[in-house]
Amino acid sequence: MFDMNEIRAQWAKQRPDLDTEPMSLIGHVIRVSAHLSDEMNKTFARHGLNAASFDVLATLLRSGPPYALSPNQLLATMMVTSGTMTNRIDQLEKDALVVRVRNRSDKRSVLVQLTAKGQQIIDAAVTDHVTTQKRLVSGLTEGERVSLNDLLRTYLTAVDTDQISNKID
């Protein structure tokens, strides 16, 4: 495990002209993100899934009965290309977790629908995922979780609206 204070001290010796405080903050966020991803990926793997397949199946499940969406509706909820989405759907269909069905309201299009097997797997995976997430935040008090969530939302809003990418001191 690295010590960000030690790294900053090393930079201070080599480049005392640099303000490395952002390096510390971003380094911590990257480490937290990697840890969270690793732990959640372990949970997904216990159900034969990865993050991408979990994302598609969970989106279908939370859409409610009949647990079916068009590929474009799925695409709108995920930050992937249409080709990537097609590959994900193809793999899930091959694994019998989803099926493509004709859209009754538009005969020219199809819907991607959870199969009974897919619903069973994603139900169990979501339950396990929520347990994992609770464990991952258990080291924080409820107030700390609220504060951190508020801070991260504020930061993401700034990043998403490009408020910070063009600011240079």
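Everything numeric here is computed off the predicted structure, so don't read it as measured data.

Draft legend 1. Summary view of the UniProt feature "domain: HTH marR-type" (unreviewed entry) in the chain. Per the UniProt record, the feature "domain: HTH marR-type" (unreviewed entry) sits at residues 22–157. Split by type, residues 22–157 is 70% helix and 9% strand. Its first and last C-alpha atoms lie 18 Å apart.

Draft legend 2. Highlighting the packing of helix α3 (residues 51–62) against helix α6 (residues 116–137). Following both chains from N to C, one finds α3 and α6 inclined at 100 degrees, their axes separated by 10 Å at the closest point. One way to sum up the angle between α3 and α6 is to call them roughly perpendicular. On α6, the residues touching Phe54, Leu57, Ala58 and Leu61 of α3 are Gln119, Ile122, Asp123, Ala125, Val126 and His129. Class assignment of the residues belonging to the contact of α3 with α6 gives a composition of 7 nonpolar, 2 polar and 1 charged.

Draft legend 3. The sheet that holds strand β3 (residues 110–114), seen in detail. Read from one edge to the other, the open sheet built from 3 strands follows the order β1-β3-β2, with strand pairing classed as antiparallel. Each having just a single partner strand, β1 (68–69) and β2 (98–102) make up the two edges of the open sheet. Where β2 lies against β3, 5 bridges are found, and the strand directions are antiparallel. Opposite Arg100, over in β3, you have Val112 as the bridge partner. The sheet strands contacting helix α5 (residues 82–94) are β2 and β3, and the helix crosses β2 at an angle near 110 degrees.

Draft legend 4. Looking closely at unusual backbone geometry. Each neighbour pair has its own omega, and for Pro65 with Pro66 the value is 10 degrees, a cis peptide bond. In this structure, Tyr67 takes a positive phi of about 60 degrees despite not being glycine. Looking at the element boundaries, Tyr67 is found in the loop between α3 and β1. On the accessibility criterion, Tyr67 (18% relative accessible area) is buried. One non-glycine residue, Ala96, lies in positive phi territory at about 60 degrees. Structurally, Ala96 can be placed in the loop between α5 and β2. Under the relative-accessibility criterion, Ala96 is labelled partly exposed at 36%.

Thresholds, definitions, all that
Residues numbered from 1 in each chain as written. Predicted model: local features only at pLDDT ≥ 70, side-chain atom pairs only at ≥ 80, totals over all residues. Heavy atoms only, no water. UniProt positions renumbered as here; feature names shortened; annotations may be inferred. Helix = DSSP H or I, 4+ residues; strand = E, 2+ residues; numbered from the N terminus. Axes fitted to C-alpha atoms, helices over the stretch in contact; angles between N-to-C directions. Parallel < 35°, antiparallel > 145°, perpendicular 65-115°, else oblique. Contact = heavy atoms within 4.5 Å. Nonpolar A, V, L, I, M, F, W, Y, C, P; charged D, E, K, R; others polar. Pairing = 2+ DSSP bridges. Buried < 20%, exposed > 50% of the residue type's maximum accessible area, 1.4 Å probe, protein only.

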